[in-house]
Amino acid sequence: MHLGIDLFVPPGSAIHAPLAGVVHLLANNTAPQDYGPLVVLRHETGEGVPFWTLYGHLSDDTLAGLRVGQRVEAGQRIARVGASPVNGDWPPHLHFQVILDLLDQGADFPGVAYASQRGVWTSLSPDPVRLLGIPADRFPAPDPSSR
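Residues numbered from 1 in each chain as written. Predicted model: local features only at pLDDT ≥ 70, side-chain atom pairs only at ≥ 80, totals over all residues. Heavy atoms only, no water.

**Some details on the sheet that holds strand β6 (residues 71-72)**
To be explicit about the condition: Strand pairing is defined by DSSP finding a minimum of two bridges between the two strands. The helix and strand labels rest on DSSP assignments: H or I over at least four residues marks a helix, E over at least two residues marks a strand, and numbering proceeds from the N terminus.
Sheet architecture is open: 6 strands sit in the order β1-β8-β5-β4-β3-β6, paired in antiparallel fashion. The two strands at the open ends of the sheet, each matched to only one other strand, are β1 (5-7) and β6. As paired strands, strand β3 (residues 21-29) and β6 are joined by 2 bridges and run antiparallel to one another. Opposite valine 22, over in β6, you have arginine 71 as the bridge partner.

See the structure below:
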């Protein structure tokens with residue numbers, strides 16, 4: 001099962017931070033079918049509880065344009081979608097994921113999990129669609145057999 005959302009867009013498409021935050025992690029996961037260039041931002045709720053957003057399958061120049069500890073504002077361009085093979089050898093897309101606890105996984109935080117572990121992983125990575133403001137009618141009804 002997928003833990004985030006994949007948004008298929010042309011390579012070079014700009015990625016903007018949906019929320020203000022701080023650059024927590026920059027990495028280039030170069031293994032085949034991995035994230036490729038990756039950015040993780042740290043955010044806080046109004047009560048000061050931390051959470052993170054992960055952006056994977058980015059362009060190489062994304063990493064050079066940011067630094068760990070850098071403050072970003074909501075709406076600020078933080079990345080560009082990478083082309084294959086730089087992006088982990090995938091068709092160009094953004095993998096976006098909300099994470100409530102990084103579990104000390106850093107750049108190796110999973111973007112997919114076994115369906116049998118759905119409850120555990122969805123408690124750590126809630127559905128990001130609402131945060132992105134994508135209307136529910138843009139998605140087909142879930143297949144009951146896949147639950």
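**Topic: the confidence of the model for the protein chain**
What counts here: One number per residue, pLDDT, summarises how confident the predictor is, and it ranges from 0 to 100.
In the predicted model, the protein chain carries a mean pLDDT of 89, and 96% of its residues have values of at least 70. Predicted confidence in the protein chain is weakest over helix α3 (residues 129-132), with a mean pLDDT of 81, and strongest over β6, with 98.

**A few points about the pairing of strand β8 (residues 94-99)**
Test applied: Each residue gets one of three labels from its accessible area relative to the maximum for its type: buried under 20%, exposed over 50%, partly exposed in between, using a 1.4 Å probe on protein chains only.
The buried fraction of β8 is high, at 6 of 6 residues. Where burial is concerned, the two faces of β8 agree: the one with Leu94, Phe96 and Val98 and the one with His95, Gln97 and Ile99 are both buried. As defined by bridge partners, strand β5 (residues 50-56) adjoins β8 across 5 bridges and the pair is classed as antiparallel. The residue of β8 that forms the bridge with glycine 56 is histidine 95.

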